[in-house]
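Structural features, examined
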Amino acid sequence: MKVDVLLGMQWGDEGKGKLVDALTREYDVIARFQGGPNAGHTLEFNHQKHVLHTIPSGIFHSDKLNLIGNGLVIDPVIFKAEVERLSGFGMDIRKNLFISKKSHLILPTHRLLDAASEASKGTLKIGSTLKGIGPAYTDKVSREGLRIGDILDSEFLSKYQALRDQHLRKISQFNFPFDLKKAEVEWLAAIEFLRTFQFVNGEYLINEWLESGRRILAEGAQGSMLDVDFGSYPFVTSSNTVCAGACTGLGVAPGRIGNVIGIFKAYCTRVGSGPFPTELFDETGDLLRKSGAEFGSTTGRPRRCGWLDLVALRYTVMLSGVTSLIMTKADVLSGFETLRVATAYKIGGKITTEMPFDTEAPVEPIYTELPGWKEDISKLRNKENLPVNLNGYILFIEKYLGVPISIVSVSPDREATIHLK
Ligand code: GDP
Ligand code: IMO
Ligand code: MG
C-alpha cells in the first residue's frame with residue numbers, strides 16, 4: 001500500500017480539515033505530519049462546526065485510526081483542550097489516536113520566545129500565530145528539544161526545568177514582561193493528561209499498517225507557500241509543508257507515497273505578513289472576505305484576500321508532484337460578472353511565470369479575465385448542475401496546471417463535496 005497525501009497549495013486555510021474529514025471514508029488511517037497548533041482545521045457536519053489544531057481530521061469517524069507523526073510540535077495545553085472539547089460530544093479518542101514518541105513538545109517558554117521575538121521585530125514581524133512554533137522547531141533542529149517520549153523518562157521534570165531556564169535567559173535579553181507561573185502549572189497538568197495517551201514508534205507503526213494493507217491519508221497543515229524552504233522566506237512557518245514533509249514527518253519512504261492531492265481555494269487568502277501578489281485592497285477584497293467568512297480559525301484575524309494566483313499554484317504543484325486537485329469555496333465566487341486569475345508576473349519590466357527569489361520585489365500580476373456565474377451553488381451536490389462558467393473556470397485552471405481537478409467544494413458542510421472525475 002501507499003500513503004496518499006493531502007496538502008494545502010496556497011498560504012493555508014484552503015479547507016484541508018473539511019476535505020480530510022469528507023475523504024476519511026475512503027481511508028483507514030489519517031496522519032498529521034508537520035506543524036502544530038498554528039493549524040486550525042475546520043470541519044462541519046450535522047450543522048455542527050469543529051476546529052482541530054493538533055488532532056488529525058479523521059477523528060470524527062470512530063472506526064478509523066489517527067496518528068500524530070514525529071514531524072509535529074505539540075502544545076499539551078492546547079491538545080488537552082481539544083480532547084476535552086471532543087469529550088463534550090461524548091467522544092473518547094484514546095483508543096484510536098496514536099502519538100509518535102519523536103514528536104516535539106512546545107513549552108510555555110516557547111510561546112514567550114515567539115511573542116518576544118515578534119514584538120522585537122516591529123513592522124517586520126512574521127505575523128506568527130504566537131503558538132511557539134518557530135522556537136519549538138528551533139530547539140528541535142539545534143538538538144535541544146524535548147520530545148513526547150521524554151515524558152516517560154524519570155528525569156523529565158529536571159530536563160524540562162533545564163530547557164525552561166535556558167529559554168528564560170534568552171527572554172531576559174528582550175525586555176519582555178511576563179508571568180510564567182500560571183502557564184507552567186497548567187502545562188505540567190496537561191503533561192499528566194497527555195501521559196494517558198498511546199505513545200508509539202510512529203515510523204514502525206505506519207509501515208506495519210502499510211504492510212497489512214491499511215489505506216492511509218497524510219494530512220498537511222499550513223500551505224506550500226508557507227514552506228520553510230520554498231515559501232516567501234522569512235514570512236513562512238518553520239516546517240516543510242510540501243509533500244516531502246510527509247516522508248520525514250512520518251517515517252515513510254518516498255517510494256511509498258501514492259496520490260498527492262493538492263487543495264486550493266478558488267481565490268487566494270493569506271493571514272499574517274509577507275508578499276501576496278494578487279492581494280486586493282479594494283471592495284472586491286472586502287467582498288471576498290465577507291462572503292468567504294475569511295477570519296482565521298486559530299487567531300480570528302481577518303485574512304487578506306485576492307484573486308487566484310496560478311503562478312504560485314503551478315509552483316506548488318511542481319514542488320509536490322501533485323496528481324490531482326481539489327478546489328474549495330467555489331460558492332464564494334458566485335455573483336461576480338468577471339473573474340481574474342494571475343497567469344504571469346511582471347517584475348522590473350520583465351514578464352515571468354516563475355516565483356522570484358526576492359519575494360519583496362514589487363510584483364505586478366498579469367491577469368486573464370474569465371466570465372463569472374450568478375447562481376448560488378452552495379446547495380449543489382452533483383456535477384451535472386454546475387454553472388457553465390464554473391466549468392469553464394475549472395477547465396482553464398486544469399489546462400494551465402496540467403493537473404485534473406477531481407473535487408469541487410461548494411460549502412463548509414462535509415456533504416457539499418462534488419466529485420468531478
Ligand atoms: P484548513 O486550515 O485548510 O483546514 O482551513 P480552515 O478551516 O482554516 O479554513 C477554511 C474555512 O472555509 C473554514 O471555515 C471552512 O468551514 C470553510 N470552507 C471549507 N470549504 C468551503 C467551501 O467550499 N465553501 C465555503 N463557503 N466555505 C468552505
Ligand atoms: P492551517 O493548517 C494559515 C501563518 C501565520 C504566519 C506564518 C508563521 O490552518 O492552514 P507560525 O505560527 O507558524 O510561526 O506563523 O504562517 N500560518 C498559517 N496561516 N493557516 C495556517 O494553518 C497557518 N499556520 C501558520 O499566520 O503568517
Ligand atoms: Mg486553517
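Conventions used here
Residues numbered from 1 in each chain as written. Chains lettered and ligands numbered in written order. Predicted model: local features only at pLDDT ≥ 70, side-chain atom pairs only at ≥ 80, totals over all residues. Heavy atoms only, no water. Helix = DSSP H or I, 4+ residues; strand = E, 2+ residues; numbered from the N terminus. Rg over C-alpha atoms; globule rule 2.2 N^0.38 Å. Buried < 20%, exposed > 50% of the residue type's maximum accessible area, 1.4 Å probe, protein only. Contact = heavy atoms within 4.5 Å. Areas by Shrake-Rupley, 256 points an atom, 1.4 Å probe, with all protein chains shown as cover. Lys, Arg positive; Asp, Glu negative; His and termini not counted. Charge placed at Lys NZ, Arg CZ, Asp CG, Glu CD. Near = heavy atom within 4 Å. Polar contact = N/O pair within 3.5 Å; in protein donor to acceptor, adjacent residues only side chain to side chain. Nonpolar A, V, L, I, M, F, W, Y, C, P; charged D, E, K, R; others polar. Donors = N, O, S within 2.8 Å, 3.2 Å for Na, K, Ca; no water. Axes fitted to C-alpha atoms, helices over the stretch in contact; angles between N-to-C directions. Left-handed = near helix turned anticlockwise from the far one by under 90°. Salt bridge = Lys/Arg side-chain N within 4 Å of Asp/Glu carboxyl O. Expected span 1.5 Å × (residues − 1). Arc of directions from axis to C-beta. Pairing = 2+ DSSP bridges.

**Notes on the overall build of the protein chain**
Scanning the protein chain from terminus to terminus reveals 11 helices and 20 strands. Rg of the C-alpha trace for the protein chain: 21 Å, near the compact-globule value of 22 Å for 421 residues, within the 12% margin. Taking all 421 residues of the protein chain together, 57% fall into the buried category. Of all intrachain contacts in the protein chain linking residues separated by at least 6 positions in sequence, the fraction that spans at least 24 positions is 77%. Entry remark: accessible area of the protein chain is about 17600 Å², with carbon and sulfur atoms responsible for 54%. Taking the 49 positively charged and 49 negatively charged side chains of the protein chain as two groups, their mean positions are separated by 1 Å.

**Some details on the site of ligand 1**
In the vicinity of ligand 1, 18 residues are found, and the nearest of them are Lys16, Thr42, Ser297, Asp331 and Ser409. Within the contact set of ligand 1, an oxygen atom lies 2.8 Å away from a backbone nitrogen or oxygen of glycine 15. For ligand 1, the accessible surface in isolation is 580 Å², of which the surrounding protein chains cover 93%. Listed by contribution, the elements that provide at least two residues to the shell around ligand 1 are α1 (16-23) and β3 (41-45). Grouping the constituent residues of the shell around ligand 1 by class yields 3 nonpolar, 8 polar and 7 charged.

**Observations regarding the site of ligand 2**
The full set close to ligand 2 counts 20 residues, and Lys16, His41, Thr129, Gln222 and Thr237 are the nearest of them. Aspartate 13 places a polar main-chain atom, nitrogen or oxygen, 2.8 Å from an oxygen atom of ligand 2. The side chain of histidine 41 places a nitrogen or oxygen atom 2.7 Å from an oxygen atom of ligand 2. Expressed as a share of its isolated accessible area of 550 Å², the protein-covered part of ligand 2 is 97%. The residue makeup of the shell around ligand 2, split by class, is 7 nonpolar, 10 polar and 3 charged.

**Side note on the environment of isoleucine 326**
Secondary-structure assignment places isoleucine 326 in strand β15 (residues 324-328). Taking the C-alpha atoms as reference, isoleucine 326 lies 9.7 Å from glycine 8; in sequence the two are 318 residues apart. Setting aside residues no more than four positions away along its own chain, isoleucine 326 makes contact with Leu6, Leu19, Leu23, Ile261, Gly262, Ile263, Phe264 and Ile407.

**Focus on the coordination of the magnesium ion (ligand 3)**
Within the protein, the atoms that donate to the magnesium ion (ligand 3) are Asp13 (OD) and Gly40 (O), at distances of 2.0 to 2.2 Å. Here aspartate 13, found in the loop between β1 (3-8) and α1, pairs with glycine 40, found in the loop between β2 (29-32) and β3; they are 27 residues apart in sequence, far enough to count as distant.

**Some details on the packing of helix α5 (residues 156-171) against helix α6 (residues 181-194)**
With their axes 13 Å apart at the nearest point, α5 and α6 run at an angle of 145 degrees to one another. Pair α5 / α6 crosses with right-handed handedness. Note on element contacts: α6 touches α5 through Glu184, Trp187, Leu188 and Ile191, opposite Phe156, Leu157, Tyr160 and Arg164. A per-class count over the contact of α5 with α6 returns 6 nonpolar, no polar and 2 charged.

**So, the environment of glutamate 398**
Tracing the sequence through the fold places glutamate 398 in helix α11 (residues 388-401). Classification of glutamate 398 by relative accessible area gives buried; the value is 14%. For the pair glutamate 398 and leucine 325, spaced 73 residues apart in sequence, the C-alpha separation works out to 8.8 Å. Those residues in contact with glutamate 398 that lie beyond four places of it in its chain are Val403, Pro404, Ile405 and Lys421.

**Details of the pattern of salt bridges**
Applying the stated criterion across every chain yields a total of 23 salt bridges. The shortest N-O distance in the salt bridge between glutamate 184 and arginine 164 comes to 2.9 Å. One end of the pair, glutamate 184, is in helix α6; the other, arginine 164, is in helix α5, and 20 residues separate them in sequence. Connected through shared salt-bridge partners, Asp13, Lys265, Glu294, Arg303 and Lys329 make up one network.

**Side note on α5**
Residues lying three or four places apart along an α-helix face the same way, a consequence of the helix completing one turn every 3.6 residues. Compared with the 22 Å implied by 1.5 Å per residue over 16 residues, the 22 Å span of α5 between its first and last C-alpha is a close match. Every buried residue of α5 is accounted for by Phe156, Tyr160, Leu163, Arg164, His167 and Ile171. Around the axis of α5, the buried residues are gathered within 105 degrees of arc, so they sit on the same side. As for α5, its buried residues are in contact with β8 (104-105), α3 (108-121), α4 (133-141) and α6.

**A word on helix α9 (residues 283-291)**
Buried within α9 are the following residues: Thr284, Gly285, Leu288 and Arg289. The arc that holds every buried residue of α9, seen down its axis, measures 140 degrees, which confines them to one face. In α9, those exposed residues whose orientation departs by more than 90 degrees from the buried face are Glu283 and Lys290. Turning to α9, the residues buried within the fold contact β13 (304-306). Just past α9, the residue alanine 293 takes up positive phi, approximately 45 degrees.

**Here's the deal with the sheet that holds strand β11 (residues 257-265)**
On the basis of which strands lie adjacent, the open sheet formed by 10 strands has the order β9-β7-β5-β2-β10-β1-β11-β15-β19-β20 and mixed pairing. Each having just a single partner strand, β9 (198-200) and β20 (417-419) make up the two edges of the open sheet. Along the sheet, successive strands turn relative to each other by an average axial angle of 25 degrees, direction set aside. Sheet analysis places strand β5 (residues 65-68) next to strand β7 (residues 97-100), joined by 3 bridges and oriented parallel. Residue isoleucine 68 lies in a different strand from β7, and its bridge partner there is isoleucine 99.

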